[in-house]
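Each chain is listed here by its residues.
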Amino acid sequence: LNLLYKLGKLSAAHSTASDSPLPEPNVAYNDKISLIRTDITKLGVDAIVNAANESLLGGGGVDGAIHRAAGPGLVLTYYEQITGAYNLPCKKVIHAVGPVYSSTKRKGKHTSLLQGCYRRSLELAAENGCRSIAFSALSTGVYGYPSDEAAETAIAEVKKVMDAGGADEIDRIVFCSFMQKDEDAYEETIPEFFPPM
Ligand code: AR6
């Protein structure tokens, strides 16, 4: 993959971009955006974004993994949109409730809900002094959002926030995928919005 060629340069940049160590991303698109396929609970970024639900009690998927790795303290504070990370290596967890996908619903509705998750998470990260953030692929598991549509919405919204200066205080934005289908969707879509350096 020709996008891998910047990895050497990227890892040098990473050591200064944040005081949180991060495993080598799979692909770097510029100094700020990268893609990694891993278990998000292992990432030592300032904030990870959980794909939560409205019950506030945790659940399956990435939510369950985060709760198991964080330990029981997380449940106590989970009514907040941003919490401490307890036993996780990150510093904060942002709990975003993505939309349930329905192909029969008006497309604009779930698109705007998913956009709001990415926008609000970046706002919360910036407000809380987080310099690095890793997003799980919100709504693409139990909530059934098609990977390509979700990736396009996620990446376009992050770019929009960046272009408006809303992520100026954030050094690193990581799209963390877990399944091959989501990694493929990001790999295809990110270069449309962030051409490789
Ligand atoms: N690290 C990173 N990504 C993960 C991990 C992990 N450890 N485990 C799963 N994923 P989902 P949703 C990916 O179902 O669709 C929960 O029960 C997964 O491959 O976790 O937003 C909540 O409590 C997928 O790409 O979240 C809600 O009830 C992505 O995380 C509901 O599921 C999101 O899949 C939310 O559904």
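Residues numbered from 1 in each chain as written. Predicted model: local features only at pLDDT ≥ 70, side-chain atom pairs only at ≥ 80, totals over all residues. Heavy atoms only, no water.

1. Examining helix H6 (residues 180-193)
Between the first and last C-alpha of H6 there are 21 Å, a value that for 14 residues agrees with the 20 Å anticipated at 1.5 Å per step. For H6, the complete set of buried residues consists of Asp-182, Glu-183, Ala-185, Tyr-186, Thr-189 and Ile-190. Residues of H6 that are buried sit in contact with strand S2 (33-37), helix H4 (107-127), strand S6 (132-136), helix H5 (147-163) and strand S7 (172-177). (Helix = DSSP H or I, 4+ residues; strand = E, 2+ residues; numbered from the N terminus. Expected span 1.5 Å × (residues − 1). Buried < 20%, exposed > 50% of the residue type's maximum accessible area, 1.4 Å probe, protein only. Contact = heavy atoms within 4.5 Å.)

2. Some points on the nonpolar core
In this structure, Tyr-118, Ile-133, Ile-173 and Phe-175 are the most contacted members of the largest nonpolar core, which totals 36 residues. At the level of secondary structure, the elements contributing two or more residues to this core comprise S2, strand S3 (47-51), strand S5 (92-96), H4, S6, H5, S7 and H6. If one sorts the elements of this core by residue count, H5 sits on top with seven residues. With residues up to four places along the chain from it excluded, the contact list for Phe-175 reads Ile-33, Ser-34, Leu-35, Ile-36, Tyr-118, Phe-135, Ala-154, Ile-155, Val-158, Tyr-186 and Ile-190. (Core = buried A, V, L, I, M, F, W, Y, C linked by side-chain atoms within 4.5 Å.)

3. A closer look at the site of the ligand
Around the ligand there are 21 residues in total, and Asn-53, Gly-60, Asp-63, Thr-140 and Val-142 lie nearest to it. In the model, an oxygen atom of the ligand is placed 2.8 Å from a nitrogen or oxygen of the Ser-139 main chain. The separation between an oxygen atom of the ligand and a polar side-chain atom of Thr-140 is 2.6 Å. With four residues, helix H2 (residues 61-70) is the single largest residue contributor to the shell around the ligand. A per-class count over the shell around the ligand returns ten nonpolar, eight polar and three charged. (Near = heavy atom within 4 Å. Polar contact = N/O pair within 3.5 Å; in protein donor to acceptor, adjacent residues only side chain to side chain. Nonpolar A, V, L, I, M, F, W, Y, C, P; charged D, E, K, R; others polar.)

4. A look at the packing of aromatic side chains
Enumeration over the complete set of coordinates arrives at four aromatic pairs. Through pairs of rings, three or more aromatic residues link up here, namely Tyr-118, Phe-135, Phe-175 and Tyr-186. (Phe/Tyr/Trp six-rings, centres within 6.5 Å; stacked < 30°, edge-to-face > 60°.)

Everything listed is a geometric property; what it means functionally is a separate question.
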